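Understanding the architecture of this molecule
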Amino acid sequence: ITIVGGWSKRRGCHGHAQTLHLRQPFRWRASPTNVVPWRRPGAGRMIPQVGLVLALGWMECSGVIGTGDFRLLRRNGSAQGATNSSSRLCVLDGLNWGVAELSRFPCSDSFEHNGEIYPMGEGNVVCIGRDHIQAFSFATSTWQRWPLPKQLAQDGSNSWVK
């Protein structure tokens with residue numbers, strides 16, 4: 001089981017990866033440094049022939065994750081539609097704690113609460129976020145997207161995402 005990132009600023013787990021091996025002696029292994037830029041929770045799934053795929057939720061950034069030109073920018077909670085706001089699909093190499101960006105989501109989204117990545121058929125994943133359903137094909141590096149049903153927004157809350 002691998003946990004990537006976290007909310008605890010006090011404990012310093014933002015961006016770190018921690019792996020629990022499910023065989024005796026059941027030990028944890030933690031990355032020595034931050035491996036992913038992390039502001040919002042994400043979703044992850046082991047995909048055969050690809051690796052541990054991570055959907056990194058909405059962040060303000062420039063460049064490509066895993067390269068020297070990547071920069072995390074100052075957070076702006078009301079700029080989900082801005083050109084520097086995006087969600088990224090990445091793969092984590094658990095042996096050397098490297099992360100590489102596979103693609104930028106067509107729509108910025110967050111993967112809080114029950115956000116998840118689901119394998120769909122050969123070489124495809126579906127990412128269900130707070131605002132959209134987005135599917136990625138590893139074979140063609142293309143996306144499809146669908147908005148969530150409007151009925152899901154009728155929950156009586158005052159969420160800023162509405």
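Cut-offs applied
- Residues numbered from 1 in each chain as written.
- Predicted model: local features only at pLDDT ≥ 70, side-chain atom pairs only at ≥ 80, totals over all residues.
- Heavy atoms only, no water.
- Helix = DSSP H or I, 4+ residues; strand = E, 2+ residues; numbered from the N terminus.
- Buried < 20%, exposed > 50% of the residue type's maximum accessible area, 1.4 Å probe, protein only.
- Contact = heavy atoms within 4.5 Å.
- Areas by Shrake-Rupley, 256 points an atom, 1.4 Å probe, with all protein chains shown as cover.
- Polar contact = N/O pair within 3.5 Å; in protein donor to acceptor, adjacent residues only side chain to side chain.
- pLDDT = per-residue confidence, 0-100.

**Notes on the overall build of the protein**
Within the protein, the secondary structure is distributed over zero helices and twelve strands. Looking at the protein as a whole, 42% of its 162 residues are labelled buried. Restricting the contact set of the protein to residue pairs at least 6 apart, pairs at least 24 apart contribute 43%. Split by element, the accessible area of the protein, about 9,800 Å² in all, is 53% carbon and sulfur.

**Looking at unusual backbone geometry**
Residue Pro25 is bonded to the preceding Gln24 through a cis peptide linkage, with omega at 15°. Positive phi, close to 65°, is recorded for Gln49, a residue that is not glycine. Tracing the backbone shows Gln49 in the loop between β4 (43-47) and β5 (51-62). Judged by relative accessible area, Gln49 falls into the exposed class, the value being 81%.

**Here's the deal with the side chain of Ser103**
By secondary structure assignment, the location of Ser103 is in strand β8 (residues 98-104). When its relative accessible area of 13% is taken as the criterion, Ser103 is described as buried. Among the polar contacts listed, one links the side chain of Ser103 to the side chain of Trp143, at a separation of 2.8 Å.

**As for the confidence of the model for the protein**
Should the pLDDT be low somewhere, the predicted coordinates at that spot are not to be read in detail. Mean pLDDT over the protein works out to 75, with 67% of the residues at or above the 70 mark. Confidence, read as mean pLDDT per element, is least for strand β1 (residues 2-4) in the protein (63) and greatest for strand β11 (residues 132-137) (90).

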